[in-house]
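Below, each chain spelled out in residue letters.
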Amino acid sequence: HFICGLLMIASGGLAAAIEPDALSSVATFVAWLLLASGSAGLAASLRGRYSERTVDMILGVLSLAAGAELVLMPPGSGFSLTALITTWLLARASAELLAGLLASFRDEMLAAARLARAGVDLLLGLLCLIFSGATGLVETLFGWPAISVRWVTLAAGASLIAAGGVHVALAGKAGRHPENAGGS
């Protein structure tokens, strides 16, 4: 999980660092980062505790699906990119929220980590949702999708960094407590 977390942090940093130029190139770049982090998430789900595998698998599949959609059906506007990333963030937040609530019966640290990730994704998703309404207006009036594209790359990057940080922290917890080895 430590390596998965580092990959997610690196992907998030790259997503946040890119400067929007052409929408198609940014969407393709973000797609490959989502595909890489989704693959890492799926790999981590195979080594995690049985009770956490399903959620980690769902989160990996969500990232793979969003990345695949960006590759196979590139967005035609900043609005469509914003809508996709918003949906991805809110779906991840929902899965994490449910997982956090279920984990609260077994492991307080895991529950807190899952709920924190859910909070980050929910906040970013809601901000993207609010911003997507303004994006259509900005693009229509000014033909300038750079604002919306920049925002969604920052939101996707922040989400991946938060997810990676949780994986690294939980891997450290598992390393300090051998009975938790293989923990998510």
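Residues numbered from 1 in each chain as written. Predicted model: local features only at pLDDT ≥ 70, side-chain atom pairs only at ≥ 80, totals over all residues. Heavy atoms only, no water.

Chemist: Break down the environment of aspartate 56 for me, with residues and values.
Modeler: Residue position: aspartate 56 is located in helix 3 (residues 50-72). In this structure, the C-alpha to C-alpha distance between aspartate 56 and glycine 38, residues 18 residues apart in sequence, is 9.5 Å. A polar contact of 2.9 Å, which involves the side chain of aspartate 56, links it to the side chain of arginine 114. (Helix = DSSP H or I, 4+ residues; strand = E, 2+ residues; numbered from the N terminus. Polar contact = N/O pair within 3.5 Å; in protein donor to acceptor, adjacent residues only side chain to side chain.)

Chemist: Before we move on, could you go through the confidence of the model for the chain and cite the residues and values that matter?
Modeler: For the chain, per-residue confidence averages 81 on the pLDDT scale, and residues scoring 70 or more make up 83% of the total. Taken element by element, the chain is modelled with least confidence in helix 6 (residues 146-176), mean pLDDT 79, and with most confidence in helix 4 (residues 78-103), mean pLDDT 88. Long-range and interchain partners of residues 178-184, a stretch whose pLDDT sits below 50, account for 20 contacts in this model, where long-range means more than four residues apart. (pLDDT = per-residue confidence, 0-100. Contact = heavy atoms within 4.5 Å.)

Chemist: Provide a residue-level description of the pattern of salt bridges, including the pertinent values.
Modeler: Tallied over the entire structure, the rule returns 4 salt bridges. In this structure, arginine 114 and aspartate 56 form a salt bridge, with 2.9 Å as the shortest nitrogen-oxygen distance. Here aspartate 56 lies in helix 3 and arginine 114 lies in helix 5 (residues 108-142), a separation of 58 residues in the sequence. Of the two residues, arginine 114 and aspartate 56, both sit in the buried class. Through salt bridges with shared partners, a single ionic network connects Asp56, Glu96, Arg114 and Arg117. (Salt bridge = Lys/Arg side-chain N within 4 Å of Asp/Glu carboxyl O. Buried < 20%, exposed > 50% of the residue type's maximum accessible area, 1.4 Å probe, protein only.)

Chemist: So what's going on with a nonpolar patch on the surface? Residues and values would help.
Modeler: A cluster of nonpolar residues, Phe2, Ile3, Leu6, Ile9 and Ile161, forms a patch on the protein surface that exposes about 450 Å² of accessible area. When residues in the nonpolar patch are grouped by element, the largest group, 4 residues, is from helix 1 (residues 2-17). Considering the arrangement of structural elements, one finds phenylalanine 2 in helix 1. (Patch = residues over 30% accessible without salt bridge, like charges linked within 9 Å, V, L, I, M, F, W, Y side chains within 5 Å. Areas by Shrake-Rupley, 256 points an atom, 1.4 Å probe, with all protein chains shown as cover.)

Chemist: For the side chain of serine 159, give the residues involved together with the corresponding values.
Modeler: Looking at the element boundaries, serine 159 is found in helix 6. Not counting chain neighbours up to four residues away, the residues in contact with serine 159 comprise Trp88, Leu89, Arg92, Asp121 and Leu124.

Chemist: Which residues make up the environment of leucine 35, and what values go with them?
Modeler: With respect to the helices, strands and loops of the structure, leucine 35 is situated in helix 2 (residues 23-47). Leucine 35 gets classed as buried once you look at its relative accessible area, which sits at 17%. Taking the C-alpha atoms as reference, leucine 35 lies 9.9 Å from leucine 70; in sequence the two are 35 residues apart. Among all residues touching leucine 35, those that are not within four sequence positions of it are Ser63, Leu64, Gly67, Ala68 and Val71.

Chemist: Residues and numbers for the packing of helix 1 against helix 2, please.
Modeler: Two numbers describe how helix 1 lies on helix 2: the axes approach to 9 Å, and their chain directions differ by 165°. Between helix 1 and helix 2, the interaxial angle falls into the category roughly antiparallel. Considering the relative orientation of helix 1 and helix 2, their crossing is left-handed. Contacts between helix 1 and helix 2 involve Cys4, Leu7, Met8, Ser11, Leu14 and Ala15 from the former and Phe29, Leu33, Ala36, Ser37, Ala40, Gly41 and Ala44 from the latter. Across the contact of helix 1 with helix 2, the residue classes tally to 10 nonpolar, 3 polar and no charged. (Axes fitted to C-alpha atoms, helices over the stretch in contact; angles between N-to-C directions. Parallel < 35°, antiparallel > 145°, perpendicular 65-115°, else oblique. Left-handed = near helix turned anticlockwise from the far one by under 90°. Nonpolar A, V, L, I, M, F, W, Y, C, P; charged D, E, K, R; others polar.)

Chemist: Lay out the nonpolar core with the relevant residues and their values.
Modeler: Of all hydrophobic cores here, the largest spans 21 residues; its most connected members are Val30, Leu34, Leu70, Leu81, Ile85, Trp88 and Leu89. The element that contributes the greatest number of residues to this core is helix 2, accounting for 6 residues. Aside from chain neighbours lying at most four places away, what touches isoleucine 85 is Val30, Leu34, Val152 and Ala156. Counting residues in each nonpolar core, the second largest holds 6 residues, with Ala103, Leu110, Ala113 and Val166 among its members. (Core = buried A, V, L, I, M, F, W, Y, C linked by side-chain atoms within 4.5 Å.)

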